[in-house]
Amino acid sequence: MPRYTVHVRGEWLAVPCLSSTNTIEWLGKEAVRRYMKNKPDNGGFASVEEVKFYIRRCKGLGLLDLDDIVGDALEDNEFVEVDGNSLTTEDLVNLGKGLYKIKLTPEAEAKVKKSREVIERIVKEQTGVGKPLTPERTRMLLALRINVLAKGYSGISLETLKQVIEVFNASCLPYIPEKGTVGASGDLAPLSHLALGLIGEGKMWSPKSGWADAKYVLEAHGLKPITLKPKEGLALINGTQMITSLGCEAVERAGAIARQADIIAALTLEVLKGTTRAFDTESHRFCDRVQDAYTMRCCPQVHGIVNDTIAFVKDIITTEINSATDNPMVFAEREETISGGNFHGEYPAKALDYLAIGVHELAAISERRIERLCNPSLSELPAFLVTEGGLNSGFMIAHCTAAALVSENKALCHPSSVDSLSTSAATEDHVSMGGWAARKALRVIEHVEQVLAIELLAACQGIEFLRPLRTTTPLEKVYDLVRSVVRPWIKDRFMAPDIEAAHRLLVEQKASAGFWLVHRIV
């Protein structure tokens, strides 16, 4: 019997389909019915029939016709095929969001079987601390471990690997503390917590059960704890998947904010009445105004190297997530195992330190543009972008927030990978500290997003004082987008929700969504 997973108001619901002639409309109503059944107030709905809805495919977000037959329009769930070689950073982030499930390619199954045959012939490290990873990040970590095991160099049995995939597809997620890895001999502490949940120990979370003992969460989804065979414990805990799963999120978010930073900078340039001649290939030949501040004039150079940095890091991370990082490695063709050093996280650690340094510049230059917007001697706009200055402080404290975030980033950009502490009785005497490199890169990127959110609000506020003048059509659309969630400032009000609303627009990539013809300044 096919089952379809439907996303309703942030929750994933499994809907069995008894008849091949059921329609997409039936699927939607059944999902809503199950959603209402789980809510004490029916989710705010009076009845299923009164709910108006539309359904999109997870993959590609194509809108489905309600009259279509389910079996014709949809596969039995939508999967990312995993083979250990072709996973992308975008795929992994989407797996983390719960958009897809996982299945192995036939080639991957064959390689796993051969690797396990070698182990059959040959025959507690849960110490992490700190807050648990979010469900999205835990999904990414588990998906990435599955991808590495699918390469067939780990010696895991196909039976065990399929059990791990079933756990992922049911969204049963172990409790994994974010701290505890030094990034060499793999991410042992967090991956050990991952393995702990798979064998039915420790805590686990699922949308259906919430946090509970792992064995009960597995039972609630019709799953059994995994019984490990020889070498399978090592196969589950040895690798760089903590570093690289967080690294994938960092790279994708960095790329998203870099694209939108160009648009926000263009909006500020318009408000400050800057010239675009500095961006021409013959920049100073016909224009007598060439002395805009560097924060406007040098955007192509500063933003450009950020984009190149992101592309460089993404290439390294993509290679790493499709690499065998176990120890020992099992070579089925040669029927031997070899202990090596592929578990060392130096590559992703150095790359993510570089990413933090590069992306930080988007916030550094943005904060300076915010200063120019707020300073009447530099902008020809009212002080702090508000009328009745003195009575109202306008964007004064918002600029202070941006300055604080940029200053904090300067400390976070100190490379973690320059440090190393000897562990394991001096056997593991050089480590990468890649786990901290990944976590602080994400913090830097979040701060960059927040600073640019403040600039976006400030630039839109500046436009209010230039009306009835209008900017370009694409930038007017950006202005309208912001005004759909944040109204103009007439007098002081609680600004934190407005900054959060603008930040959410950037995280969801709405400032760049659909603007295929925006004239980029780089």
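Only a predicted model underlies this, so the values are computations on that prediction, with no experimental measurement involved. (Residues numbered from 1 in each chain as written. Predicted model: local features only at pLDDT ≥ 70, side-chain atom pairs only at ≥ 80, totals over all residues. Heavy atoms only, no water.)

This part is about a negative patch on the surface. Together, Asp-65, Asp-67, Asp-68 and Asp-72 give the surface a local cluster of negative charge. Positionally, Asp-67 belongs in the loop between α1 (24-37) and α2 (70-73). According to the relative accessible area criterion, Asp-67 is exposed, its value standing at 62%. (Patch = residues over 30% accessible without salt bridge, like charges linked within 9 Å, V, L, I, M, F, W, Y side chains within 5 Å. Areas by Shrake-Rupley, 256 points an atom, 1.4 Å probe, with all protein chains shown as cover. Salt bridge = Lys/Arg side-chain N within 4 Å of Asp/Glu carboxyl O. Lys, Arg positive; Asp, Glu negative; His and termini not counted. Charge placed at Lys NZ, Arg CZ, Asp CG, Glu CD. Helix = DSSP H or I, 4+ residues; strand = E, 2+ residues; numbered from the N terminus. Buried < 20%, exposed > 50% of the residue type's maximum accessible area, 1.4 Å probe, protein only.)

Averaged over all residues, the pLDDT of the chain is 85; the fraction at 70 or higher stands at 89%. Long-range and interchain partners of residues 516-522, a stretch whose pLDDT sits below 50, account for 16 contacts in this model, where long-range means more than four residues apart. (pLDDT = per-residue confidence, 0-100. Contact = heavy atoms within 4.5 Å.)

For Gly-233, the location among the structural elements is in helix α9 (residues 232-237). For the pair formed by Gly-233 and Ile-156, sequence separation is 77 residues and the distance between their alpha carbons is 8.8 Å.

So, on to the packing of aromatic side chains. Counted according to the given criterion, the structure contains 5 aromatic pairs. Geometrically, the ring pair formed by Phe-395 and Trp-489 is edge-to-face, given 4.7 Å between the ring centres and 70° between the ring planes. Taken together, the residues Phe-395 in the loop between α14 (376-379) and α15 (396-412) and Trp-489 in the loop between α17 (473-483) and α18 (496-507) connect sequence positions 94 residues apart. Just as Phe-395 is buried, Trp-489 falls in that class too. When the ring centre of Phe-331 is taken as origin, the NZ or CZ atom of Arg-334, which lies over that ring, is 5.2 Å away. Of note, Arg-467 hangs over the ring of Tyr-479, and the distance from its end group to the ring centre comes to 4.9 Å. (Phe/Tyr/Trp six-rings, centres within 6.5 Å; stacked < 30°, edge-to-face > 60°. Lys NZ or Arg CZ within 6 Å of the ring centre and 35° of its normal.)

Where helix α13 (residues 346-374) contacts helix α16 (residues 434-464), the two axes come as close as 8 Å, and the packing angle between them is 20°. The angle between α13 and α16 falls in the class roughly parallel. For the pair α13 and α16, the crossing hand works out as left-handed. Considering only residue class, the contact of α13 with α16 consists of 20 nonpolar, 3 polar and 5 charged. (Axes fitted to C-alpha atoms, helices over the stretch in contact; angles between N-to-C directions. Parallel < 35°, antiparallel > 145°, perpendicular 65-115°, else oblique. Left-handed = near helix turned anticlockwise from the far one by under 90°. Nonpolar A, V, L, I, M, F, W, Y, C, P; charged D, E, K, R; others polar.)

Given a rise of 1.5 Å per residue, 15 residues ought to cover 21 Å, and the 21 Å separating the end C-alpha atoms of helix α5 (residues 135-149) matches this to within 8%. The buried count for α5 comes to 12 of 15 residues, which makes it a mostly enclosed element. (Expected span 1.5 Å × (residues − 1).)

Taken together, the side chains of Ile-305, Phe-312 and Tyr-354 make up a nonpolar region of the molecular surface, amounting to roughly 280 Å² of accessible area. Within the element layout of this structure, Ile-305 appears in helix α12 (residues 299-321).

Generally speaking, a soluble globular protein has its nonpolar side chains buried in company with each other. One finds Ile-146, Leu-355, Val-359, Leu-362 and Phe-395 to be the most contacted residues of the largest nonpolar core, which totals 118 residues. In terms of residue count, α16 provides more of this core than any other element does, 17 residues in total. With residues up to four places along the chain from it excluded, the contact list for Ile-146 reads Val-82, Ile-102, Leu-161, Val-164, Ile-165 and Phe-168. Grouped together as the second largest cluster of nonpolar side chains are 18 residues, Tyr-4, Val-8, Ile-24 and Met-36 included. (Core = buried A, V, L, I, M, F, W, Y, C linked by side-chain atoms within 4.5 Å.)

Another aspect to go through is the sheet that holds strand β8 (residues 203-206). Taken in spatial order, the 3 strands make up an open sheet running β6-β8-β9, and their pairing is antiparallel. Among the strands making up the open sheet, the edge pair consists of β6 (173-174) and β9 (210-213). Where β6 and β8 come together, 2 bridges link them in antiparallel fashion. Opposite Leu-173, over in β8, you have Trp-205 as the bridge partner. (Pairing = 2+ DSSP bridges.)

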